[in-house]
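Here are the chains, one letter per residue:
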Amino acid sequence: MKNLLQKEKLVFLKLKPFFTLLSFFLILNLNNAYSQQNSITGIVRNGADQETLPGVSVNVKNSNRATSTNDEGRFTIEASPEEVLVFSYIGFLLKEEKVGNRTLINVVMQEDKKALDEVVVIGYGTQKRSEVTSAVATVKAEDFNQGGSRSAMDLIQGKVAGLNITRTEGSNPNSGTAIQLRGITSLTGTREPLIVIDGIPGGSLDLLQQEDIESFDVLKDGSAAAIYGTRGNAGVILITTKKGKSGDPIYEYSTYFQREFIDKKPAYLNADQFRNLIKDGVINSSQDLGSSTDLYDLLVDKNNLSQYHTLAASGGTAKANYRASVFYNDANGIAVQNGRKQFGGRLNFNQTGLQDRLKLQINVATNFNKANLLGGDRGYFEQAIQRNPTAPIYNEDGTFVETQAYNNYNPLSRLANRINERNQQTFSGDAKLSVEIIEGLTASAFGSYVRNNFNDRQFRSKNDWDQRPTSDYQGMGYAYKSNFLDWTQTFESTVDYSKTFAEVHALSAVLGYSYQYSSEETFNVNNNGFTTDGFLDWNLGAGSAINNDQLPRPGMGSNKFDNRLAAFFGRVNYAYAGKYFAQVILRREGSSRFGANHKWGNFPAMSLGWTLSEEEFLQEIPAINNLKLRVGYGVTGNQGIPNYQSLVTLGTGGVYPIDGVYYQTYGAARNPNPDLKWERKAEWNFGLDFGVLENRITGSLDVYKRKTTDLLYQYNAQQPPFVRNSLYTNVGSISNKGVELLLSATPIQNDNFSWNVNLTASSQFNKLTKLSNDVFKANYLEFYGLPSPGNLGNAFRLEEGGEVGNFYGKRFAGFTDEGKWLFYKADGSQALASEMNNDDLAIIGNGVPKYHAGLSNTINYKNFDLTIFFRGKFDFDILNTKELYFGNKKWLPNNVLESAIGKNSELNDDPQYSDYYLERGSFVKLDNLTLGYRFNLKTPYIRNMRLYISGRNLATITGYSGIDPELQDTGFETGVDRRDFYPRTKSWTIGLNVGF
């Protein structure tokens, strides 16, 4: 009880600053008195035709006082002179009026085409949404997922149709996100979209904080992404950060505190259930080790608490303005010793001169973080399932108990006797100088530098089980250090031209040059033979393995890679009468990564748009506000392959003695390939944008078909003429097709209540259309080797003409009376496992979700706001490897799942991979639930304040029996619920946003 009170006290102390700050703001609110109020009247009119507008919402800013205009457009409301009236109406721009000394306020509201006039970032420029002819999705800050986020990409998970974002290790603060847009596009090259941050291609996500991001713009099809050429094959995600604006200095402070809770725990046997098996004679009595231990429970940090703080300041004039922010984040996962502390900042400065013809923009961002990687090991929780639950953690002398069963170790011993840390620094700086030469003609120069550096340190104490006296390390310690540095320099220059002729012909164009140099350097060293733990890893030379050849040999290594990319590009946009649009793109790009015969490639694109709603034959239909057809075709490339693949590189061989001296020998490490060239993706996209019922319902529908050719893969090479037995070359092709839907609606909007709904949905189908040619052949590719024991082979097979994600294995037919496996052979007969051969294997399922959907509901009632977000994936299979191994009595005397003695009790045979362990994976999650409240503070010091509570991953509807049906759904190993894992969690967050 005492320990429980101490833990609760610790949590309270961590939250104390938050509650103190909140109390201060509440006291401010209670101590402010209302000013003298007057009765304000007026009429609201439509700026287009001067007709009165009924039903316009009129409210006093930062208060609960509101009304609406009557059928004649008239309103009456009480307000004091220093207050501001806010006028809002669907389809019109928001209007604000300072009351002052007036009692009569007539207002003219201008039509708002909403998404039609929204500015969209398209790469090397912007466009109005109404002029966009490609498939471009935009997510603004107000539509981001609420609550705390581990990565910037978490903010738009489920918000963009066709964009898959999955955290394969849940809330682990040191894990990344898996990202894939419109399916797989390469066998060995980059399969994730290019990230562009404020114009920097390949920008670092570590430099982004959720409060600093203005918007995401996703270039989904080839006609949009072609402007980035060889890096646009998997799509492009453009991220724009918040910038300085003219006005009085303002401050914005945001904070949150977050706790993680186990969502679902594996149903493994506890100590009592294990002992029952001993009583029943299933397990030998020697396996009762006298204790009752829940290792899973000991590996969970029940007092985890993450906190985030950020303070931003902005202001300036129209000529010079700035925005600066700093942040601190202490993120802790659900596992013990699994955290990440980081701090940093971002600065934006803008200045205009030379009669507003010269513009300078500078951005600087930093992130310094230290991560404890020790407790996030997936294997620890595998041990929590299979370790004997009657085994104690400690011996009587305080040393750790190590059980001797197959694949066993004590995770708590490793947590006590090991170090695994990373210290990382990331920096980004860029500057852009633009000069308007004549009206409509602007030249710009942009330069950036991005640097990422981290140092890893690992140490194993001489008390660690792997270092025990009977091991190769002979009871002495081990230490390892490594450092990694990569940096990228980018220079780009552009000339932009924009002109409107005869009021109906709008022409804009951009011509540019781009150069990027990237370098990567690595170094690592390890030693052992440390007879003391006193130095840890800070005195590597003290390890005796340097001189003692009876110990494992020390190691060291270093490397450097670099590459260059240069390009010339252009884009022309034409619009006629605001209803016919055309865009043409051409990028010619060269990369040092490709062969001498194919250094350069051309990447063209063209797209057209037709706004039918501007035609007379549709203007007579009042329900249709916007209807536009789009069609686009574009070619992109993929240069995201390892460096030097087209060249002969040296590799070390054996040593050769000359006069008693041994010399290192070298030889060709790979075959040269001067014909190594780009993978090329050609894509068609057909789109429809629409808005109906005064734009209460808006959306878009896209249908796409893409084919990537010249896929790169390592093929067998004939010797001679080749020196080595394999060659990296272009052979295969893969196709993808699908449909994407975005639908937004406002079912209800009145004075005090509004309800907005956003739906995203997509389908995705893929096929490997070619794998071999006349010279280089491969019958199939296989992925995900199943872990031992049993030599069960690979789970996936990808064949020419087959789908990505096909599970390939045995077909379950039943059990014999003795509990032995029966499987179907190719001829339909049944056979034991020992009687099966490769010809009997077949496609037994597919792990790629065919359909995705996200549904967001945002409800506002007076000062309250509520967000309810559902997300789902459908029509796919999951291979439950936990059941395959731990759901089988043969795993005993290791611990097993309850299913081993329950639904699988009939089984009495070694583990076998078959469709018996495939389950349907479709699910729907209540992914986000957020309730917020905006305070009305009558003080000149605080502009706004919002308090919110948010829950993530709160409920899952699924037929899957495992822990969580949301698994990796990118790449070639989709739909595998792995034996080792990081626990999935639900989280609760309480946060505060304050504007000064």
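Rules behind the numbers
Each chain carries its own residue numbering, running from 1 in the written order of its sequence. Local features in this predicted model are restricted to residues of pLDDT 70 or higher, and side-chain atom pairs are both shown and tallied only at a pLDDT of 80 or more, whereas totals for entire chains, interfaces and linings draw on every residue. Excluded from the side-chain calculations are hydrogens and water; all other atoms, namely the structure's heavy atoms, are used. The criterion for strand pairing is that DSSP finds at least two bridges linking the strands in question. Strands are runs of DSSP state E lasting at least 2 residues, helices are runs of H or I lasting at least 4, and numbering of each runs from the N terminus. The quantity called pLDDT is the predictor's confidence in a given residue, expressed from 0 to 100. Two residues qualify as a contact provided that any one of their heavy atoms is within 4.5 Å of a heavy atom in the partner residue. To get an axis, a line is fitted to the C-alpha atoms, and for a helix only the part in contact is used. The angle between two axes follows their N-to-C directions and goes from 0 to 180 degrees. The pocket and cavity definitions rest on a 1 Å grid over protein atoms only: a 1.4 Å probe that fits but cannot leave marks a cavity, an open set with protein on both sides within 12 Å along at least five of seven lines marks a pocket, and residues lining either have an atom within 4 Å of a point. Grid points are joined across faces, edges and corners, and a volume is the space filled by probe spheres set on the points. Side-chain classes are defined by residue name, with Ala, Val, Leu, Ile, Met, Phe, Trp, Tyr, Cys and Pro counting as nonpolar, Asp, Glu, Lys and Arg as charged, and the others, Gly among them, as polar. Each polar contact in these results corresponds to two N or O atoms within 3.5 Å; when the atoms are within protein, one needs to be able to donate a hydrogen and the other to accept it, and residues that are neighboring in sequence are counted only if both atoms are side-chain atoms. UniProt positions are given in the numbering used here, feature names are shortened, and annotations may be inferred rather than shown by experiment.

### Considerations on the sheet that holds strand E15 (residues 213-219)
Phase 1 of the analysis: Taking strand neighbours across the sheet as the criterion, the five strands line up as E10-E15-E16-E13-E14 in an open arrangement whose pairing is mixed. Strand pairing shows two members of the sheet lacking a second neighbour, strand E10 (136-140) and strand E14 (200-201), which therefore form its edges.
Phase 2 of the analysis: Both strand E13 (residues 194-197) and strand E16 (residues 236-241) contribute to a ladder of four bridges, which runs parallel. Within E16, the residue paired with Leu194 across the bridge is Val236.

### Observations concerning the confidence of the model for the protein
Phase 1 of the analysis: For the protein, the mean per-residue pLDDT works out to 91, and 95% of the residues sit at or above 70.
Phase 2 of the analysis: When the criterion is pLDDT under 50, residues 1-13 qualifies, and its contacts beyond four places in sequence or with other chains add up to three contacts.
Phase 3 of the analysis: In the model, residues 15-35 has pLDDT below 50 throughout and makes 29 contacts with residues more than four positions away in sequence or in other chains.

### Thoughts on the sheet that holds strand E2 (residues 57-60)
Pairing between the strands of a sheet is mediated by backbone hydrogen bonds and can be parallel or antiparallel.
Phase 1 of the analysis: A sheet is described by the order of its strands in space; here four strands give the open sequence E3-E2-E5-E6, paired in antiparallel fashion. Looking along the sheet, the strands with just one partner apiece sit at the ends: strand E3 (66-68) and strand E6 (95-98). Along the sheet, successive strands turn relative to each other by an average axial angle of 20 degrees, direction set aside.
Phase 2 of the analysis: Both E2 and strand E5 (residues 84-88) contribute to a ladder of four bridges, which runs antiparallel. The residue bridging Val58 from the neighbouring strand is Phe87, located in E5.

### Looking at empty space enclosed by the protein
Phase 1 of the analysis: One pass over the full model with this rule turns up eleven cavities of 30 Å³ or more.
Phase 2 of the analysis: One number sums up the size of the largest cavity: a volume of about 350 Å³.
Phase 3 of the analysis: Looking at the largest cavity, it is lined by 22 residues, and the ones nearest its centre are Arg167, Gly170, Ser171, Arg952 and Asn953.
Phase 4 of the analysis: Of all the secondary-structure elements, those providing two or more residues to the lining of the largest cavity are strand E17 (247-262), strand E47 (923-935), strand E48 (944-958) and strand E50 (985-995).
Phase 5 of the analysis: Here the lining of the largest cavity is composed, by residue class, of no nonpolar, ten polar and twelve charged.
Phase 6 of the analysis: In this model, the second largest cavity occupies a volume close to 150 Å³.
Phase 7 of the analysis: If you trace the second largest cavity, you find 18 residues lining it, with Gly158, Leu163, Asn164, His852 and Ala853 closest to the centre.
Phase 8 of the analysis: Secondary-structure elements contributing two or more residues to the lining of the second largest cavity are strand E11 (163-166), strand E35 (753-770), strand E43 (851-861) and strand E44 (864-874).

### Focus on the environment of Asn563
Phase 1 of the analysis: With respect to the element layout, Asn563 can be found in strand E26 (residues 555-576).
Phase 2 of the analysis: Residues Asn563 and Tyr517 lie 46 residues apart in sequence; the distance between their C-alpha atoms is 6.0 Å.
Phase 3 of the analysis: Within the structure, Asn563 has its side chain in polar contact with the side chain of Asn643 (distance 3.3 Å).

### Examining the UniProt feature "domain: TonB-dependent receptor plug" (unreviewed entry) in the protein
Phase 1 of the analysis: UniProt marks residues 129-236 with the feature "domain: TonB-dependent receptor plug" (unreviewed entry), using the numbering shown here.
Phase 2 of the analysis: Counted over residues 129-236, helix gives 4% and strand 25%. Its end C-alpha atoms are 17 Å apart.

### Remarks on the UniProt feature "domain: TonB-dependent receptor-like beta-barrel" (unreviewed entry) in the protein
Phase 1 of the analysis: The sites that UniProt annotates as "domain: TonB-dependent receptor-like beta-barrel" (unreviewed entry) are residues 446-954.
Phase 2 of the analysis: Split by type, residues 446-954 is 2% helix and 60% strand. Its first and last C-alpha atoms lie 45 Å apart.

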